[in-house]
Amino acid sequence: MLNGVIEKTLVKVLAAGSALITVFIVVGPVADPVNISKFLATGSLSFGVAALLIRGGFKSLWSENRVFFAAIALFAALSFISTLTSNVPFVQNFYGEAGRITGFLTYFFLSIFALGSASLSTTASFKKIIFGFFIAGIINLAYGLWAWQVGDFVAWNNIYGNLLGTFGNPNFMGAFLGMFGTAILAFASGPGKSWKIRLVAGLLWVLTFLEIIQTSAVQGLVLITGGVALVGFYLLRSATKNFKLPAAYLIAVSFVGIVAVAGALQKGPLAAYIYKRSVSLRGNYWQTAVNMGMDHPFTGVGMDAYGTYFREYRTLSAATDMPGPDTISNAAHNVVLDFFAYGGFPLLISYLLIIGLAGIAILKMSKRTKQYDPVFVALATIWICYQVQSIISINQLGLAIWGWMLSGLMIAYERITREKVVSNAINTESKKFPKKKTAEPFVAAGLIASGGMAIGLLVSLPPFTADYKYLHAVNGQDLVKLEAALSPNYFNPLNIYKLVNAVDILERSNLPDQAIIYARKAVVFSPLEYDAWKTLYRATKSTPDEKALAKQKMIQLDPLNKANKELP
C-alpha cells in the first residue's frame, strides 16, 4: 500500500492530469494543435506519476497487483521490441507518425498512468478521479455549447462542420460525450442523491445528448444509449432480489444490440437507419491490419507503422472501390487490430490480457454485491463505453488516457472491496494509513512529482519543438530556417511528412536544386514510404535512373494500384 501522503499527491496528479490531457490544446504555434499538445502533457504528467510510484516503493505495489503489473510490463517490453525490429524509421516507431503521435512513447506514458491508477487504495481517491472526468466533460460541454450557439472561438481548420471539442474531431468529441453522459447518469442514480443534484444531472445529460447530435457521430449515440442500458441493469439488479428480471432485461438489451449491430453491417430492419459507408471502409481497414499481423506474426510492422504499410497490405476492395487507390489510412480504426498490426500476436495478447483483467475485475464486483455503488457503476460503464469505442475508432490521447486509467482503476477498486474487513479499514478515514507514514511532509511528495514531471517534459518535448520549428520556417518562407528544421537532432526529430512537404514547397518556390536534395533524403530516411518514392519520381531534377527506380518501388509498395504501372 502506498504511503498516505504519496497517494494523496498521486491522486491529484492522476485526476487533474487526466482532465488536463483531455482538454489541453495549443493553437497557433504548432501545425498539430491536438495530438502534439496532449502528448506533451501526457509525457510530463506520466513521469510525475512514475516518480511517486518509485518513491512509494514498487515492492509493495507489485505484491498487490502482481498480474496486472506483469501484463503492463509485458506490453511495454513487446512494444519496444516491435520498435527495435521494425523496418520503419526508429523515430517514427518511437514518437509515432506525424498527425497521430501514437508510437512507443505514447503507450509507455499510458502504461504508467494505468499502473498509478492500479495503486490507489481509498474510495476517496476514486471519487476524485471521477470528479476530474466530470471537470473535463463540463469544459467540453460548455465549449461545445458556445461553438454551437455562438461560433467556435478556436481557429480550427474545421473540415467537418460539426462540434470538435478539445479533440479536433467530431467523432472523438461524440465518443467522449457519450462516456460523459453515461458517467452523469451512473453517478446521479446512486442512493441518497438530492433532487437538486438529480435535476442538474438531468439537464446536463439532455445537453450532452443534444451536443452528441451536433457532432453527427454515430459512436456517440451508441455509447450514450448503451450507457443508459448498462446503468439501467445495475439499478434494476439492486432493486430486486430475483435474478430473473435483470436476466430478462439483459436478454432484451442484447437482442436490440445485435439488431443494431446487424443494421450497422447493412443487414436487418435497421440497416436503412444505421448503416453508413464508413462501416464498409472500416471493414477494409480492419482486414488490412489483419493482413499485416498475419504476415508479421511475432513482431508486427512496428509501432504506428500501419500507414506506411497500408498500400502494400490493403485489400483489392480497398484499392479499387472503398476508399479507392488514392485514399489511405494511418490507423486500422480498431485499437485492438492496431496492436496486432504493430506487434503481431505477442503484443495483441498482452493488450487483451490488460483489458481482460479489468473486465474480470468488473465481473467480480458485479457478482460480489447487488447493492448499487455509484462509484463502481460510473467507473465500469465508462470503461465499457471506451472499449466499445476503441473497436470502431482510432486511438486518441484525449480518450485513450481514460481507457488505460480505468483499466487500472477497476483492478484497484476490485482489490480494495474484496474483503469486507479490509474495505472497512480502508474507508474509515482515521484508519486509512499508519500514523507514522502520514507524518511525511506534503511538500516532499509534491517535489518528487514536480521533479518527475520536469524529466517527463524533456522526454516528451521534441515533437512539439520540431513541429513549432518547421511551421515557423514554412510560414516565414525562410530557406535557411527550413533547412535547419530538416536537420535532425534530439529536440528536432525528423519525420517523412516534413521531408515530402518540404520538397513540394521548394519545387513550387522554383528551387529544384534544393528540392532534389530532400527528395533523395526522403527515400533514404524511409525507404518503405510510398510517398517518398512518389516525391522522388515527380522531382524536377531527378535523373532517369532515379525515376525508373522510384516507379519500381511505387509498384512494389502499392501493388494493387494500376496507375503506378501506367506511369511513363
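Values in this document were obtained by computation on a predicted structure and should not be read as measured data.

### Some words on helix α10 (residues 218–239)
With 22 residues, α10 ought to run about 32 Å at 1.5 Å a step, and its terminal C-alpha atoms sit 32 Å apart, in line with that. Taken as a whole, α10 has its buried residues at Q219, G220, L223, I224, G227, A229, V231, F233, Y234 and R237.

### A short note on unusual backbone geometry
When glycine is set aside, most residues are seen to have a negative phi, and most peptide bonds are trans. In this model, M322 is joined to P323 through a cis peptide bond whose omega is 5 degrees. If you trace the backbone, P323 turns up in the loop between α15 (316–320) and α16 (335–368). Its identity as a non-glycine residue notwithstanding, S216 has a phi of 60 degrees, on the positive side. By the element assignment, S216 lies in the loop between α9 (195–215) and α10. Judged by its relative accessible area of 41%, S216 is partly exposed. Of note in this structure, N510 is not a glycine but carries a positive phi near 60 degrees. For N510, the location among the structural elements is in the loop between α23 (496–508) and α24 (512–525). When its relative accessible area of 66% is taken as the criterion, N510 is described as exposed.

### Here we look at the packing of helix α1 (residues 4–23) against helix α18 (residues 397–416)
For the pair α1 and α18, interaxial distance at closest approach is 8 Å and the crossing angle is 150 degrees. With respect to each other, α1 and α18 are oriented roughly antiparallel. By crossing handedness, the relation of α1 to α18 is classed as left-handed. Across from L14, S18, A19, I21 and T22 in α1, the residues of α18 making contact are L397, G398, I401, W402 and M405. Among the residues forming the contact of α1 with α18, the class breakdown is 7 nonpolar, 3 polar and no charged.

### Topic: the packing of aromatic side chains
Between two aromatic rings, the relevant description is the distance of the centres plus the angle of the planes. Counted under the stated rule, the structure contains 34 aromatic pairs. Arranged with centres 6.1 Å apart and planes meeting at 75 degrees, the rings of F134 and F180 form a pair that is edge-to-face. Remark: F180 occurs in helix α8 (residues 170–188) and F134 occurs in helix α7 (residues 123–149); sequence separation between them is 46 residues. On the basis of relative accessibility, which here comes to 1%, the residue F180 falls in the buried class. For the pair F339 and Y351, a centre-to-centre distance of 4.5 Å together with 50 degrees between the ring planes defines the contact as tilted. Given a relative accessible area of 0%, F339 falls into the buried group. Chaining the aromatic ring pairs together yields one cluster made of F39, F47, F80, F90, F94, Y95, F104, F108 and F109. The aromatic ring of F187 is capped on one face by K193, whose charged end is 4.9 Å from the ring centroid. For the cation-ring pair, K547 lies above Y537, with the distance from its terminal atom to the ring centre recorded as 5.2 Å.

### A word on a nonpolar patch on the surface
On the surface, a cluster of nonpolar side chains totalling about 290 Å² of accessible area is made up of V206, L210, I213 and L221. At 3 residues, the largest contribution of residues to the nonpolar patch is made by α9. Examined against the element boundaries, V206 turns out to sit in helix α9.

### What to know about the confidence of the model for the protein chain
If pLDDT is low for a region, its predicted coordinates should not be looked at in detail. Predicted confidence across the protein chain gives a mean pLDDT of 91, with 92% of residues reaching 70 or more. The model gives residues 425–439 a pLDDT under 50, and that stretch makes 21 contacts with residues more than four places away or in other chains.

### Quick notes on the environment of L506
Take L506: it is sitting in helix α23. Note on L506: relative accessible area 2%, which makes it buried. With 42 residues separating them in the primary sequence, L506 and F464 have C-alpha atoms 23 Å apart. Setting aside chain neighbours within four positions, we find L506 in contact with L479, L482, L511, P512, Q514, A515 and Y518.

### Let's talk about helix α17 (residues 374–390)
Look at α17: 24 Å from first C-alpha to last across 17 residues, which is about the 24 Å you get at 1.5 Å a residue. Across the 17 residues of α17, 15 count as buried, placing the element largely inside the fold. Sitting at the amino-terminal end of α17 is D373, which places a side-chain oxygen 3.1 Å from the backbone nitrogen of V375.

About the thresholds
Residues numbered from 1 in each chain as written. Predicted model: local features only at pLDDT ≥ 70, side-chain atom pairs only at ≥ 80, totals over all residues. Heavy atoms only, no water. Helix = DSSP H or I, 4+ residues; strand = E, 2+ residues; numbered from the N terminus. Expected span 1.5 Å × (residues − 1). Buried < 20%, exposed > 50% of the residue type's maximum accessible area, 1.4 Å probe, protein only. Axes fitted to C-alpha atoms, helices over the stretch in contact; angles between N-to-C directions. Parallel < 35°, antiparallel > 145°, perpendicular 65-115°, else oblique. Left-handed = near helix turned anticlockwise from the far one by under 90°. Contact = heavy atoms within 4.5 Å. Nonpolar A, V, L, I, M, F, W, Y, C, P; charged D, E, K, R; others polar. Phe/Tyr/Trp six-rings, centres within 6.5 Å; stacked < 30°, edge-to-face > 60°. Lys NZ or Arg CZ within 6 Å of the ring centre and 35° of its normal. Patch = residues over 30% accessible without salt bridge, like charges linked within 9 Å, V, L, I, M, F, W, Y side chains within 5 Å. Areas by Shrake-Rupley, 256 points an atom, 1.4 Å probe, with all protein chains shown as cover. Salt bridge = Lys/Arg side-chain N within 4 Å of Asp/Glu carboxyl O. pLDDT = per-residue confidence, 0-100. Polar contact = N/O pair within 3.5 Å; in protein donor to acceptor, adjacent residues only side chain to side chain.

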